[in-house]
Amino acid sequence: MRILKKNKEDKGPWVLYHANLRTKTLVIIIVASLILISVFLSNFLIDSSSLTTNFASINEAPSFEHIFGTDWMGRDMFQRTLLGLGLSIGVGAFASVVSTIIAVLFGILSSVNRVADEFVAAAIDLFGSIPHILLIILISISCGGGFYGVIMGVGLTHWTPLARVLRAEIKQLKTTEYVKLSENLDKSKLWIARHHILPSVVSQIIVGVILMFPHAIMHEASITFLGFGLSPHEPAIGIILSESMSYLSLGCWWLAFYPGLSLLFLVLLFDLIGENVHKLLDPQSAQT
């Protein structure tokens with residue numbers, strides 16, 4: 001009995017290691033979410049007026065005073081990076097909402113009849129055949145550019161993967177016995193979609209939205225890096241990386257290293273959350 005009691009007490013610091021899979025998954029989701037929320041909320045805590053030019057400290061290497069160094073105008077790179085990450089999260093959030101609404105509408109439309117299903121399939125193939133970057137740039141410019149143009153450009157181009165998944169899932173659901181029974185009972189297609197189809201695809205929608213974030217963030221960074229969308233004074237990660245290209249040959253490696261690494265870390269956090277949310281919603285995949 002003493003040995004068993006001692007073994008239980010020795011688990012103290014390793015309680016998470018010995019916890020079940022569901023507990024570990026929840027802890028990972030909570031920790032990753034708190035980090036992302038902290039990064040986003042930092043935008044409201046950082047005073048943009050503090051990022052004034054200081055030509056006495058231009059292109060300073062990372063130090064205790066400026067942990068990410070300073071840029072070519074003497075601005076603190078840590079604060080600029082946080083503002084850029086927060087902007088990326090905001091663009092990703094709005095774009096994901098727009099893309100999700102479009103994907104759900106197309107998914108429901110595909111369940112109406114065969115003609116509607118073929119129309120949805122054609123629309124998915126059409127948008128999927130055009131390079132994302134090119135389509136985002138065209139839509140962003142058409143919408144006037146700026147923050148609104150970037151959101152619409154990213155949001156109107158990232159719905160195809162989720163719509164394809166929902167279309168396939170809905171086609172499978174339509175062959176189930178309870179859906180056929182509802183049709184035999186003269187239930188309307190809207191009633192069937194609301195009571196049978198939507199509840200069955202909620203998990204796919206949730207996971208799809210989360211996994212849409214990193215794609216939206218990367219494409220937002222890509223078009224701002226190329227000089228489209230946001231104005232040069234905006235602290236977007238793409239703009240920061242684009243500006244740093246002119247100073248890498250001078251040895252100012254920190255101008256691109258820390259913002260790029262932060263963007264990669266942000267994307268990996270969203271992927272981690274999406275993977276673990278999928279494990280919670282699909283217990284069978286969690287056991288593999």
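Residues numbered from 1 in each chain as written. Predicted model: local features only at pLDDT ≥ 70, side-chain atom pairs only at ≥ 80, totals over all residues. Heavy atoms only, no water.

## Comments concerning the confidence of the model for the chain
Overall, the predicted model of the chain reaches an average pLDDT of 80, with 89% of residues at or above 70. In the predicted structure, residues 1–18 sits below a pLDDT of 50 and forms four contacts with residues beyond four places in sequence or in another chain. (pLDDT = per-residue confidence, 0-100. Contact = heavy atoms within 4.5 Å.)

## Some words on a nonpolar patch on the surface
Side chains of Leu26, Ile30, Leu34, Ile37, Phe40, Leu41 and Phe44 sit close together on the surface and give an oily, nonpolar patch of about 670 Å² of accessible area. In this structure, leucine 41 sits in helix α3 (residues 21–45). By relative accessible area, which is 43% here, leucine 41 ends up partly exposed. (Patch = residues over 30% accessible without salt bridge, like charges linked within 9 Å, V, L, I, M, F, W, Y side chains within 5 Å. Areas by Shrake-Rupley, 256 points an atom, 1.4 Å probe, with all protein chains shown as cover. Salt bridge = Lys/Arg side-chain N within 4 Å of Asp/Glu carboxyl O. Helix = DSSP H or I, 4+ residues; strand = E, 2+ residues; numbered from the N terminus. Buried < 20%, exposed > 50% of the residue type's maximum accessible area, 1.4 Å probe, protein only.)

## Some thoughts on empty space enclosed by the protein
Counted according to the given criterion, the structure contains three cavities of 30 Å³ or more. Taken as a whole, the largest cavity spans an internal volume of roughly 80 Å³. In terms of lining, the largest cavity is formed by Ser111, Lys174, Val179, Glu183, Lys189, Ile192 and Ile197. Where the lining of the largest cavity is concerned, the elements lending two or more residues are α9 (177–184) and α10 (189–225). No other element matches the three residues that α10 contributes to the lining of the largest cavity. Tallied by class, the residues present in the lining of the largest cavity amount to three nonpolar, one polar and three charged. (1 Å grid on protein atoms, 1.4 Å probe; cavity = no way out; pocket = protein on both sides within 12 Å on 5 of 7 lines; lining within 4 Å. Points joined across faces, edges and corners; volume = space filled by probe spheres on them. Nonpolar A, V, L, I, M, F, W, Y, C, P; charged D, E, K, R; others polar.)

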